[in-house]
Amino acid sequence: MRRLRAWLGAAAAVGLTAAATTALTAPSASGATARLSDRWYAAAPYLMPLDNDPPDAAALMDATGLKSFQLAFVLAPDGGGCTPTWGGKNPVSSDTAVASVIDTVRAKGGDVSVSIGGYGGTKLGQACADPAATAAAYQQVITKYDLHAIDFDLEEPEYEDAAAVHNEIGAAKILQQNNPDLYVSVTTAGTADGTGWFDKQMLLEAKSQGFTPDNFSIMPFDGGFDGGAASQIDALTDFHQILQSTFGWDEATAWAHEGFSGMNGRSDTGEYFTQDDFRTVLDFATGHHMDRFTFWSLNRDRQCSPPDNGGRTSGTCSSVPQDSWDFATFSVTFAGATPPSTTPTDPTPPAGTECKPAWDPATACTGGSEVSYDGHNWKAKWWTQNETPGASQWGPWEDEGAC
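No experiment lies behind these values; they were computed from the predicted model shown.

Read across the open sheet, the 3 strands follow the order E13-E14-E15; overall the sheet is antiparallel. Only two strands of the sheet have a single neighbouring strand rather than two, namely strand E13 (370-373) and strand E15 (397-402). For this sheet the average axis-to-axis angle between neighbouring strands, irrespective of direction, equals 30 degrees. Two elements, strand E14 (residues 376-380) and E15, share 4 bridges in a ladder whose sense is antiparallel. Note on E15: the bridge partner recorded for His-376 is Ala-402.

Below, the structure is given as structure tokens:
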């Protein structure tokens, strides 16, 4: 349910050939699209447009006033190769489904960023030979969708691979240079001390290459954050000091390059982040002039049935009592807009959906297979057999909600 982090590098890779540079800066075939202010890209919550019961983007915009979405995730192909896909399965080059979502958002005056990486699958930084090849793969995504913003979501295990980090940071720098108006965020793990050893190495890699994104965002959830907003604010404060010491920035500069990426409701490790927690962190972020406030995810920004989801974490609902899109309104506020006083309920709630075929412990399931068990639908993350859905939060099954 979380995303994945990585690292990058290599100043030498910036010296692309003329042909490669031309390919990296080719205009979109669909023509130019209107660019939003950076604040909207900084406020864009994550949305999986092809998985986890995606909500209707147009209805969500009408309900909340939200104008921006962080679409997740672009990965390397599951079968190998250095070409971009959605979730490892759907090639960007032939995509029409995500393009249709983007067209819908833009037709209503909004825009999207695309997130690369995430918590699962093979990342392009791992699959591509060097920073230039990695950048060329990502440029295909920018050109295909005429993007004005991109997010490098660098998590384990990719960020434990120095070569992958080298490729990702190097690619980010190349994209930044060849797309001058591109808003670039780098999202990585949060810990109770701000961030961990591998993340600090990623920051040092960025420093060595002279690469500065619009922000470095941490994800203060999934371990050590049972204190809710208070523990998250402690982590953001510690990370602020890490940014200062790493880059030699003064306080204001460090805050201006720091971001928050939360998880609404119940986290993978059983922490709970309520609307009050989000409101407290939002006040902290705006009060310190932080650059980004986002969360994982809009697919989860609705109430489960029952509201606590039986003590489970779901990809399609929050496991806390809420009205639909409660958490999205905090993003709208961070962007400087005013949400409507009331928000309509989700027109397509996840609860009550048809159950998939019953799980059979004797049947082998490949990644992407869907089954039902104990009143919930489940999707296999990888090949599995005789592993009970929900038995382990780190197991092969992703909870898709009640059925």
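Let's shift gears to the side chain of Arg-266. On the secondary structure map, Arg-266 appears in strand E10 (residues 265-266). Lacking a salt bridge, the buried Arg-266 has Asp-268 as its closest oppositely charged neighbour, with an N-O distance of 7.5 Å. A distance of 2.5 Å separates polar atoms of two side chains, one belonging to Arg-266 and the other to Thr-313. Excluding anything up to four places from it in sequence, Arg-266 contacts Glu-271, Tyr-272, Arg-300, Gly-311, Arg-312, Thr-313, Ser-318, Ser-319 and Val-320.

What follows concerns helix H8 (residues 197-209). Helix length check: H8 (13 residues) gives 19 Å between terminal C-alpha atoms against 18 Å at 1.5 Å per residue, within 8%. Buried within H8 are the following residues: Asp-199, Met-202, Leu-203, Glu-205, Ala-206 and Gln-209. End-on view of H8: buried residues confined to an arc of 155 degrees, all on one side of the axis. Summarising the geometry of H8, the exposed residues directed more than 90 degrees from the buried face are Trp-197 and Ser-208. Gly-210, located one to two residues past H8, shows a positive phi value of around 70 degrees.

This brings us to the confidence of the model for the protein. Summary statistics for the protein give a mean pLDDT of 89 and a share of 89% for residues scoring 70 or more. Within the model, pLDDT remains below 50 along residues 1-31, and this stretch shows 125 contacts once partners closer than five positions in the same chain are excluded. When the criterion is pLDDT under 50, residues 347-351 qualifies, and its contacts beyond four places in sequence or with other chains add up to 11 contacts.

Once that is clear, we can look at helix H9 (residues 229-247). Under the 1.5 Å per step criterion, the end-to-end length of H9 is 27 Å for 19 residues, consistent within 8% with the ideal 27 Å. Taken as a whole, H9 has its buried residues at Ala-229, Ser-231, Gln-232, Ile-233, Ala-235, Leu-236, Phe-239, His-240, Ile-242, Leu-243, Thr-246 and Phe-247. Considering only its buried residues, H9 is in contact with H8, strand E8 (215-219), helix H10 (251-256), strand E9 (258-263), strand E11 (272-273) and helix H11 (275-287).

Membership of the largest hydrophobic core comes to 94 residues, with the highest contact counts inside it found for Phe-69, Leu-71, Tyr-145, Phe-152, Phe-216 and Phe-293. Examining the composition of this core, we find that 8 residues originate from one element, H9, more than from any other. If we ignore the near neighbours within four places in the chain, the residues touching Phe-69 are Ala-44, Pro-45, Leu-47, Ala-57, Leu-60, Met-61, Val-105, Asp-111, Val-112, Ser-113 and Leu-298.

Mapped onto the secondary structure, Ala-362 falls in the loop between helix H12 (328-334) and E13. Sequence-wise, Ala-362 and Glu-387 are 25 residues apart; in three dimensions their C-alpha atoms are separated by 9.7 Å.

How each quantity is defined
Residues numbered from 1 in each chain as written. Predicted model: local features only at pLDDT ≥ 70, side-chain atom pairs only at ≥ 80, totals over all residues. Heavy atoms only, no water. Pairing = 2+ DSSP bridges. Helix = DSSP H or I, 4+ residues; strand = E, 2+ residues; numbered from the N terminus. Axes fitted to C-alpha atoms, helices over the stretch in contact; angles between N-to-C directions. Buried < 20%, exposed > 50% of the residue type's maximum accessible area, 1.4 Å probe, protein only. Lys, Arg positive; Asp, Glu negative; His and termini not counted. Salt bridge = Lys/Arg side-chain N within 4 Å of Asp/Glu carboxyl O. Polar contact = N/O pair within 3.5 Å; in protein donor to acceptor, adjacent residues only side chain to side chain. Contact = heavy atoms within 4.5 Å. Expected span 1.5 Å × (residues − 1). Arc of directions from axis to C-beta. pLDDT = per-residue confidence, 0-100. Core = buried A, V, L, I, M, F, W, Y, C linked by side-chain atoms within 4.5 Å.

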